[in-house]
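In case you want the letters, here they are:
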Amino acid sequence: MAIDFTAIFKTQLDAHIKTVTQAVLDLETTGADLKAGSELIETLMREFHTIKGAARAVEFMEIKNCAHRLEDIYHQLMQGEATARVRELANITLYAIDLIGDMLDTRINDKPLLDNEVFDQLVDDYLAGKKVEVPQKSLATPSATHKEPSADGTEKKESSTKDTEDKNLSSANKKPSEKTKKSTKKPKEKTVTTGDKKSQTPTIQEENTSQYELKPAPTTKAQTSTDYDRLTDTLLNLAGEFSVAIGGVDEQWNNLRRMRATVNAITQSTGLLLNSMADKITNLGGEAPQQRISDLMMRLKSISTEQRDISEHLEQTEGRLRYLGDELDEEVTHARLVTLETLFGSYPRVVRDLAAELGKEAKIDINGTHIRIDRSMLEAIRAPLIHVLRNCLDHGLEPPEEREALGKARHGQLRLSAVQMGGMVKISLSDDGRGINMAQVRDKVLARGDTDLETWDGMNLHEQEQFLFLPGFSTANTITDMSGRGFGLDIVKTELERVGGFVQVANKPGQGCEFLFELPVTLSLMNCLLVRGGQDKFFGAQNFCFPLNDVDEIHRPVQADIRELDGGLAIRLGEHTLPLHDFSHMMGIAGSSKSLEEKHLLIFEHGEQRHALLVDEVLDEMSAVTRNFEERLGCVRDMQAVTLLQNGEIALIVDVEDLLTRMNEGSTQHSNTASLELLATESNKLHDKRILVVEDSVTVREVERHMLETAGYSVETAVDGADGLNKIRSENFDLVITDIDMPRMNGIDMITKVRSIEKYVNMPIIVVSYKDREEDRNKALSVGANQYVTKAAFDSSDMLEIIEELTTLQGMKTQE
């Protein structure tokens, strides 16, 4: 296998660039003496000398020449042959770092090589003692253009910074969204999060940056997933499903334990019964079959012992599988984790460049870079963090002269730290600047009509700070490259909540501001609320998972709280009346036969509106391993993914954002004015109907039973016509389904006898037979069958419609 020397060189280069960047930042911060023997100059010279040698080894002469020119500068400084100008030297060195990175990118992506004449001229001017003006774009965070994958998996070039600014300016004149309409409601800390797959809220990663308050920090890293990423994603899903599958064995173990207890009880009872019978036979003068009794008891004990041994072996195997599953999950999760150094490592350079661009001076202290986090989570928070970092520099820190006048150090101080607490990571990003002017925030809030003065004055500081996260909120009076766009912190909040985290702000006017992020270490499992959604006539009970972050409250409904509202239904909860929606109705399935008080209400929030959703039953809280739908299915309305439950059943994971959009449009409210209790009764009448299935084939009998029970009917079975006739006489049924050819009494004879009894003259009877001859059909109908259906047509929606029609008609006749 060929060795990829370019990849090896890139890995080495990344390490050297990190060292060089830190040395340059230290050089600027300390204002070190650059005379002979300077430790920082020796470090820089050594690093670029190593880069030059490595570039020569892989025949990358452009990078070799670039490193060599920097060596020229450092060598003359060490020899005292050049004047040390720290700021210019730092700018040239960082420009070279960017240039080398771009050169490597051209090699990797097979592009035309870059022209480095500008860099050569910068070096010549510096060595000649001339004033050096490094091109402005070197002071920006990585290049203003980068690549991202297109729909077909190829890379496409993102719009330039100028294009982005044009879009931002045009969007700044757009009307605010519906969420900003006048309301006196206090903003909540917790809002509905958007789904990964189909969020309609713009995200920071999207190409159109019109929703930014500040420009996003571009990245030079290609956004396509590597084979390694895809492999670990697949392994993580499989490991999670393996753990869930093993967890599903618990119920089977309970069944097996009960079975063992039953077998032991039967063995004891059988022994007592046989011994009692043997005694009676002996007392009557007969000879008891002691040997046969002894053999039977030995066999029963042997079965019990064998079952015990198998159970113990299976228990050991299950324990081993659980251990291996935990190990597999831990190892795969560990393989996906990367240190926050991967993200935080570039921030000192970012702060330096952005501060220079803004005419400010700043440095950043970073702690917690050793914390490990899932790669997908790291990518999810990359843009929100850099966005807030820019806000701290632009809005938070004062210019150097203003800081000195306030008695502060010229250099603004940013602090970034991370700590892990269980399965969560807490990240704090703060500055020692001017803080947030809450009076200015108040004026903007009132001007926008978000609330009134009385409500504002009744809020505490923490509640008032939540207005900063409203869509379109900005206190900037002018539009610049970095602020005044009107869209920023709301997108940051949305992005964090999308991955199960949240963001808060702690403001100290005049002293600074702190942003607190909290997010899970990994996205491998989703915390969900498992609910019973209703009954499908083909597939039976339907389970659904609601992401826990999306559910605000859970209540038990009370019939007395039901109201009519705008032609639909609503429910009174405390001091508020919420629109009420029935989940089973929205999903197009039948609700359960439970009374209203036995069901549950899930409370959600959409913008400034809250909604109540009625579900049949809340089953459990669980950690779900999510799996995407097959591509052939496309987008499934109101659903974002699917998961496998411990009992082997499938549950759909609800896309709450889609569901709430439908609720907010009012398209799901019931137009009738009847109570919800009546609605539930009407949609579930079939649950009160009993059907008798008469069939001699155990397989066919169980298949028919399963289909009917899945559709919600109560089913009794009989093994032949005689058994069926006896059950019809002794019990009440709404409908009978019978075969024709059966032992003891066939279906034709059974129907004839049933119809001879006045009580059953009108009871619906359906014949289901393999025979498809006209004479068989006519014979069955002539003796009193209502319908004749072939077994090939039994498992269809037509059959269920026939049953529902006949039972409904029978019910109407009974009422008459």
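All residue numbers refer to positions counted from 1 along the written sequence of the respective chain. Two thresholds apply to this predicted model, a pLDDT of at least 70 for residue-level local features and 80 or more for giving and counting side-chain atom pairs, whereas whole-chain, interface and lining totals are computed over all residues. Based on all heavy atoms of the structure, the side-chain values leave hydrogens and waters out of the count.

K.L.:
I would appreciate a short explanation of the overall build of the protein chain in the present structure.
P.N.:
Along the protein chain, the regular secondary structure elements total 25 helices and 25 strands. Any residue under 20% of the maximum accessible area for its type is buried, any over 50% is exposed, and the rest in between are partly exposed; the area is computed with a 1.4 Å probe on protein chains only. Residues counted as buried form 46% of the 816 residues belonging to the protein chain. Long-range contacts, defined here as pairs at least 24 residues apart, represent 70% of the contacts in the protein chain between residues at least 6 apart. In DSSP terms, a helix is any run of H or I states spanning at least four residues, a strand is any run of E spanning at least two, and both are numbered starting from the N terminus. Throughout, a residue-residue contact means that at least one pair of heavy atoms, one from each residue, lies within 4.5 Å.

K.L.:
I tried to follow the packing of helix α2 (residues 39-57) against helix α3 (residues 61-78) on my own but got confused; where do I start?
P.N.:
Packed helix pairs are characterised by how far apart their axes lie and by the angle those axes make with each other. Each axis is a line fitted through C-alpha atoms, taken for helices only over the stretch in contact, and angles between the N-to-C directions span 0 to 180 degrees. Closest axis-to-axis distance for the α2/α3 pair is 8 Å, and the angle between their directions is 155°. Here α3 runs roughly antiparallel to α2, going by the angle between their axes. Read as a crossing pair, α2 and α3 show a hand that is left-handed. In contact with I41, E42, L44, M45, F48, H49, I51, K52, A55 and R56 of α2, α3 contributes I63, K64, A67, H68, L70, E71, Y74, H75, L77 and M78. When the residues that make up the contact of α2 with α3 are grouped by side-chain class, the tally is twelve nonpolar, three polar and five charged. Angles are sorted into four bins: roughly parallel if under 35 degrees, roughly antiparallel if over 145, roughly perpendicular if 65 to 115, and oblique for all others. Note on convention: near helix rotated counterclockwise from far helix by under a right angle means a left-handed crossing. Clockwise means right-handed. Residue polarity is assigned by list, with Asp, Glu, Lys and Arg as charged and Ala, Val, Leu, Ile, Met, Phe, Trp, Tyr, Cys and Pro as nonpolar; anything else, Gly included, falls into the polar class.

K.L.:
What's the story with unusual backbone geometry in this structure? I'm lost.
P.N.:
Trans is the common state for peptide bonds, and a negative phi is the common state for residues other than glycine. For D638, which is not a glycine, the phi torsion comes out positive at approximately 70°. Following the sequence through the fold, D638 ends up in the loop between β18 (617-624) and β19 (639-644). Judged by relative accessible area, which is 2%, D638 ranks as buried. Look at R744: it is not a glycine, yet its phi comes out positive at around 65°.

K.L.:
When you look at the pattern of salt bridges in this model, what are you seeing that I'm missing?
P.N.:
Oppositely charged side chains can form a pair if their charged atoms are brought close together. The term salt bridge refers to a side-chain nitrogen of Lys or Arg lying within 4 Å of a carboxyl oxygen of Asp or Glu. Within the structure shown, the criterion is met by 34 salt bridges. Among the salt bridges present, the one from R352 reaches D353, with a minimum N-O distance of 3.0 Å. With relative accessibility at 6%, the residue R352 sits in the buried group. K727 is the partner of E716 in a salt bridge, and the nearest nitrogen-oxygen pair spans 3.4 Å. With a gap of eleven residues between them, E716 in strand β22 (residues 714-718) and K727 in helix α22 (residues 721-730) connect regions that are remote in the sequence. Classification of E716 as partly exposed rests on a relative accessible area of 26%. For K727, a relative accessible area of 18% gives the class buried.

K.L.:
Explain a nonpolar patch on the surface to me, please; I cannot follow it from the model alone.
P.N.:
Patch construction takes residues with relative accessible area above 30% that form no salt bridge. Like charges are linked within 9 Å, and nonpolar side chains (Val, Leu, Ile, Met, Phe, Trp, Tyr) are linked within 5 Å. Each accessible area is a Shrake-Rupley result for a 1.4 Å probe, and residues are judged covered by the shown protein chains and nothing else. Residues F242, L321, Y323 and L324 make up a contiguous nonpolar surface patch of roughly 330 Å² in combined accessible area. Sort the elements by how many residues they give to the nonpolar patch and helix α9 (residues 290-336) lands first, with three residues. Along the chain, L324 turns up in helix α9. Overall, the relative accessible area of 37% leaves L324 in the partly exposed class.

K.L.:
Which parts of the structure should I look at to understand the environment of T790?
P.N.:
Tracing the backbone through its elements, the reader meets T790 in strand β25 (residues 787-790). Spatially, the C-alpha atoms of T790 and V767 are 8.1 Å apart, while their sequence positions differ by 23 residues. T790 has contacts with V768, S769, K771 and D772, leaving out every residue within four places of it along the chain.

K.L.:
Just checking my understanding: could you explain the sheet that holds strand β7 (residues 424-431) for this structure?
P.N.:
In a beta sheet, neighbouring strands pair by backbone hydrogen bonds and run either parallel or antiparallel. DSSP calls a pair of strands paired once it identifies at least 2 bridges connecting them. One open sheet holds the five strands; their spatial order is β4-β6-β7-β9-β8, and the pairing between them is mixed. Every interior strand has two partners, whereas the edge strands, β4 (362-367) and β8 (502-508), have only one. With direction set aside, neighbouring strand axes in the sheet form an average angle of 15°. Two elements, strand β6 (residues 412-421) and β7, share eight bridges in a ladder whose sense is antiparallel. Directly across from S417, in β7, lies its bridge partner S428. This element, helix α12 (residues 375-396), spans β4, β6, β7 and β9 (512-520) of the sheet and lies at about 20° to β7.

K.L.:
I tried to follow helix α17 (residues 489-498) on my own but got confused; where do I start?
P.N.:
Spacing of three or four residues puts side chains on the same side of an α-helix, whose turn is 3.6 residues. By the criterion of burial, α17 is predominantly enclosed, with nine of the ten residues buried. Taken together, the buried positions of α17 are occupied by L489, D490, I491, V492, K493, T494, E495, L496 and E497. Residues of α17 that are buried make contact with α12, β8 and β9. Positive phi shows up at G500, right after α17, with a value of about 85°.

K.L.:
It is not clear to me how the side chain of T738 should be interpreted in this structure. Could you clarify?
P.N.:
Mapped onto the elements, T738 comes out in strand β23 (residues 735-738). In contact with T738, not counting residues within four places along its chain, are V694, G747, M750, I751, I765, I766, V767 and V768.

K.L.:
Where do I start with the sheet that holds β25 in this structure?
P.N.:
Strands sit in the order β22-β21-β23-β24-β25 across an open sheet of five strands; the sheet is parallel. Only two strands of the sheet have a single partner each, and these edge strands are β22 and β25. The sheet shows a mean angle of 20° between the axes of neighbouring strands, taken without regard to direction. Two elements, strand β21 (residues 690-694) and β23, share four bridges in a ladder whose sense is parallel. From the neighbouring strand, I691 faces β23, where its bridge partner is L735. With respect to the sheet, α22 is in contact with β21, β22 and β23, its orientation differing from that of β22 by roughly 135°. The sheet contacts of helix α24 (residues 774-782) involve β24 (765-769) and β25, and relative to β25 the element is tilted by about 145°.

K.L.:
What am I meant to see in the state of the cysteines here?
P.N.:
In a disulfide, the sulfur atoms of two cysteines are held together by a covalent bond. A pair of sulfur atoms, both from cysteines and within 2.5 Å, is called a disulfide here. All told, the structure shown has zero disulfides when counted by the stated rule. C513 provides the cysteine sulfur closest to C392, a residue in no disulfide bond, and the two sulfurs are 6.6 Å apart.

K.L.:
Teacher, can you tell me more about the packing of aromatic side chains here?
P.N.:
Two descriptors summarise a pair of aromatic rings, namely the distance from one centre to the other and the angle between the planes of the rings. Ring geometry is summarised as follows: Phe, Tyr and Trp rings, the Trp one being its six-membered ring, pair when their centres sit within 6.5 Å, and such pairs are stacked at plane angles under 30 degrees, edge-to-face over 60 and tilted between the two. For the coordinates displayed, the defined rule picks out eight aromatic pairs. One aromatic cluster is present, built from ring pairs that chain together F544, F546, F583 and F604. Only lysine NZ and arginine CZ atoms are considered, and such an atom sits over a ring when it is within 6 Å of the ring centre and within 35 degrees of the ring normal. The residue whose ring lies beneath R85 is Y126, and the NZ or CZ to ring-centre distance is 4.3 Å.

K.L.:
What is the right way to look at the environment of K753 in this model?
P.N.:
Its place among the elements puts K753 in helix α23 (residues 747-755). Counting along the chain gives 31 residues from K753 to G784, while the straight-line C-alpha distance between them is 10.0 Å.

K.L.:
I would appreciate a short explanation of the nonpolar core in the present structure.
P.N.:
Within soluble globular proteins, side chains that are nonpolar tend to cluster in buried spots. If you look at the biggest cluster of nonpolar residues, it comprises 53 residues, and the most contacted ones within it are F344, Y347, L389, L414, I427, F515 and F517. For this analysis, a nonpolar core means a set of buried residues of the types Ala, Val, Leu, Ile, Met, Phe, Trp, Tyr and Cys, connected via side-chain atoms within 4.5 Å. Counting residues in each nonpolar core, the second largest holds 41 residues, with L77, A82, I97 and M103 among its members.

K.L.:
Any chance you could explain the confidence of the model for the protein chain here in plain terms?
P.N.:
Reading fine detail from the predicted coordinates is not recommended where pLDDT is low. Each residue carries a pLDDT score, the predictor's confidence in it, ranging from 0 to 100. Summarising the model, the protein chain shows a mean pLDDT of 76, and 78% of its residues fall at 70 or more. Low confidence marks residues 138-225, where pLDDT is under 50. Its contacts with residues over four positions away, or in another chain, come to 217 contacts. When the criterion is pLDDT under 50, residues 667-687 qualifies, and its contacts beyond four places in sequence or with other chains add up to 47 contacts.

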